[in-house]
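Spelled out from the first residue to the last, the chains are:
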Amino acid sequence: MELSIEDFISIRNLVYEHTGMHFGENKVYFFKKRLQKRMEIHGFSRVNEYIKYLKYFDRNGREFQELVNLLTVNETYFFREFSQLEVFAEVCLPEVLEKKKKSKDRSIKVFSAACSTGEEPYTLAIILREMLDDNECWDVKVKGVDIDENVLETARRGIYDKRAVKDVPPLYLEQYFSSSISGRFELKPEIRQMVSFEHVNLMDRKALRYEKNYDFIFCRNMLIYFDDASRKQVVERFYTMLNKGGLVFLGHAESMSRITTAFKVRRVNGYVVYQA
Amino acid sequence: MDEFRELIDNLSSEDERERAFAVEDIVFDSVPGAIDLLIERLSIEPSRFVQEVIVNNLKTFKGLELVDKLLPLLNSDDAYIRNAIIDIVSCQDENAFSSIKALLSDPDKDVRKFAVDILFQLRSPYSAELIVTVLKDPDINIVITAVEYLGRLEATDYIAMINDIILNTDNLLLRCTCLEVMAVIGNQQSIETVRHLYAAHTSINQLELYSYLKFLATKGSEADLPLVFSLIKSKGKTMAKEIINTLQGILERASIEFLTPEIMSDLAAYIDSDINSINKYELLLFLADFQNEEILPILLKYAVSEEKLLCLGAVEGIGVLGKKEALPVLRQVKDTVSDSDILEAVDKSIENLDG
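Worth saying up front: this structure is predicted, and the values here are computed from it rather than measured.

Basis of the calculations
- Residues numbered from 1 in each chain as written.
- Chains lettered and ligands numbered in written order.
- Predicted model: local features only at pLDDT ≥ 70, side-chain atom pairs only at ≥ 80, totals over all residues.
- Heavy atoms only, no water.
- Helix = DSSP H or I, 4+ residues; strand = E, 2+ residues; numbered from the N terminus.
- Buried < 20%, exposed > 50% of the residue type's maximum accessible area, 1.4 Å probe, protein only.
- Contact = heavy atoms within 4.5 Å.
- Buried area = accessible area lost by both parts, 1.4 Å probe.
- Salt bridge = Lys/Arg side-chain N within 4 Å of Asp/Glu carboxyl O.
- Axes fitted to C-alpha atoms, helices over the stretch in contact; angles between N-to-C directions.
- Left-handed = near helix turned anticlockwise from the far one by under 90°.
- Nonpolar A, V, L, I, M, F, W, Y, C, P; charged D, E, K, R; others polar.
- Domains from an automatic or database assignment.
- Polar contact = N/O pair within 3.5 Å; in protein donor to acceptor, adjacent residues only side chain to side chain.
- pLDDT = per-residue confidence, 0-100.
- Pairing = 2+ DSSP bridges.
- Patch = residues over 30% accessible without salt bridge, like charges linked within 9 Å, V, L, I, M, F, W, Y side chains within 5 Å.
- Areas by Shrake-Rupley, 256 points an atom, 1.4 Å probe, with all protein chains shown as cover.
- Lys, Arg positive; Asp, Glu negative; His and termini not counted.
- Charge placed at Lys NZ, Arg CZ, Asp CG, Glu CD.

### Focus on the environment of Arg17 of chain B
Consideration 1: Mapped onto the fold, Arg17 of chain B is located in helix α2 (residues 16–28).
Consideration 2: Accessibility expressed as a relative area gives 19% for Arg17 of chain B, which makes it buried.
Consideration 3: A sequence separation of 33 residues divides Arg17 of chain B from Val50 of chain B, and the C-alpha atoms of the two residues are 8.1 Å apart.
Consideration 4: Sequence-distant contacts of Arg17 of chain B, that is, excluding residues within four places in its chain, are made with Arg209, Glu211, Lys212, Thr240 and Met241 of chain A.

Structure follows, in structure tokens:
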């Protein structure tokens, strides 16, 4: 399959317009291989025919979603996108803590949207535990929500296999997990009690209305699975959930630029965060 | 109406959240006069966030009533509101056409331009039919926009009008737009028109040259190659994308197996020059479509490059070229790199050569 740079840019822009995910030029091969798979399934031999199909004939967006599924790696593990978490821990969190100390507010609220089996909210709880020098003085709440009750059951158990903890720094692994002979890792109660889980459909108009005063919302690699209107609706809800100045973290390739202009865009150590 | 009084009052609440929720509930509960309430609020709402909620909710309505109430806001002083109106009306169906058509002859050129934008965004089979009516608009920017949109809608039925416009305008931007549209939907008449108009291509304005190359990329012939190669020497870096597209277009249409020695050597030098890596990647892959014996050594040289895109272009090119003597180098690359894309490309090329 020949993928001219023109076609690459054209389809990359299409993906960006629909999902907010941006792929740089060094992803041309990655992109091409996944395109090829979809084109083979539909019997397209030329990329521009496939682009035309996506633009004008894929009315329900099903094929586009299949392509997006191939372009995204839907996996979850502790400390995923480590460098983005560093931005949270070392820059954004201290800023918020500083402001809170001044206003004598001792609560921190973090929301993890589409948290699946819980690796992300527990990761955030570990980071908060590490970064707060006087833990007892803070009222820390991390909430993970997902539409799938089964994954939430796993999350509540707090027991993970080796693959899920592969990126956990050894010191934290020792401190916050107990390992069993079967090679499973169980989170210690001090972390588990910081996190609550709730079954929520983010598209439910009223479900999140009463969630407010959050400082941080993590919504990584989820918006790409929504259509344009739904994405706007979810992001609107995030805005109402956040404190003034609260921050949204998206997946590293995702962007809100075509969804809303209500948030301020901040670039922190190479990462973009969105401020209410 | 009293049952909805609280919701309506909440539209003016001090609390931004409450106003946003009121907008959602007014639409969800089908409050009578919802469209009027929201449009009125949109104009005075101080929060951009709440304005966005209003716009997103207005998009859920369909019908002429909404369109007719929104269109006067195209005269708003607030750019956000004007763009929001275009956005909302563009979500409508062809029923909106009669109202939009009337705007195409509005005395205000901005309103006429917005109407053309909406027609394009509606992307109806009838959009082009209306857009074409402003090709004689007194405002040149509207004509340029209309020509561009006709190209993007691939409205081949109207190419004769565009062929005519390029011949009769002295506006540079309009000529550029016509060239780029002719590149997409042009016919034989377009080719003849451009040949006539640009017979002395040495005097083409720099800006126009970009569009001219885009035209040649889809409509040019081998007779245009001397110009393209002269541009490699004079503007090879700044116009790399256009030059490469033109070369590829012309040589692919020529269906040749071997490049002439001059072309071969110019292309090798071009890859060696200081153009961007993504352009080198493209050229390396392009070379693999030909059978000249000089091509494999070039690909082997770049296969061991430390730059990802160069290595990828060469490795993929080797797979396309299909020469088994490249296998040892591919295996060497496989043993030394860790990048997953390159490893996948190497495996694919080895499979091609082994198979």
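### Re the interface of chain A and chain B
Consideration 1: Taken residue by residue, the interface counts 30 residues in chain A and 31 residues in chain B.
Consideration 2: Buried area between chain A and chain B, summed over both chains or domains, comes out near 2800 Å², and the portion from carbon and sulfur atoms is 47%.
Consideration 3: On the chain A side of the contact with chain B, Tyr29, Arg209 and Glu236 of chain A bury the most area, a combined 23% of that side's loss.
Consideration 4: Residue Lys32 of chain A pairs with Glu316 of chain B through a salt bridge whose shortest N-O separation is 2.5 Å.

### Brief notes about the packing of helix α12 (residues 172–185) of chain B against helix α13 (residues 188–197) of chain B
Residues and elements named next belong to chain B.
Consideration 1: Relative to each other, α12 and α13 sit at 140°, their axes nearing to 11 Å. The two elements α12 and α13 meet at a crossing, and its hand is left-handed. Contacts from Arg175, Leu179 and Met182 in α12 reach Ser190, Thr193, Val194 and Leu197 in α13.
Consideration 2: Class assignment of the residues belonging to the contact of α12 with α13 gives a composition of four nonpolar, two polar and one charged.

### Focus on the domain arrangement of chain A
Residue and element names in this part refer to chain A.
Consideration 1: You can read the domains of chain A as domain 1 (5–71) and domain 2 (82–275).
Consideration 2: Relative to domain 2, the C-alpha centre of domain 1 lies at a distance of 30 Å.
Consideration 3: Both faces considered, domain 1 and domain 2 share a buried interface measuring about 830 Å² in area, 48% of it formed by carbon and sulfur atoms.
Consideration 4: Considering only the surface of domain 1 that becomes buried against domain 2, Tyr16, Glu17 and Thr19 emerge as the three largest contributors, covering 41% of it.
Consideration 5: Counting the contacts that link domain 1 with domain 2 gives two residue pairs in polar contact (both at pLDDT 80 or more).

### Focus: the confidence of the model for chain A
Consideration 1: Across chain A, the average pLDDT comes to 90, with 99% of residues at or above 70.
Consideration 2: Taken element by element, chain A is modelled with least confidence in helix α1 (residues 5–19) of chain A, mean pLDDT 82, and with most confidence in strand β7 (residues 214–219) of chain A, mean pLDDT 98.

### Considering the sheet that holds strand β3 (residues 159–160) of chain A
Residues and elements named next belong to chain A.
Consideration 1: Taken in spatial order, the three strands of this open sheet run β3-β5-β4, and their pairing is antiparallel. The outermost strands of the open sheet, each flanked by one partner alone, are β3 and β4 (177–179).
Consideration 2: By the bridge criterion, three bridges tie β4 to strand β5 (residues 185–187) in an arrangement that is antiparallel. Bridge assignment links Phe177 to a residue of β5, and that residue is Leu187.

### Considerations on a negative patch on the surface
Consideration 1: Taken together, Glu6, Glu14, Asp15 and Glu18 of chain B make up a surface patch of like negative charges.
Consideration 2: You can see Glu14 of chain B is positioned in the loop between α1 (5–10) and α2.

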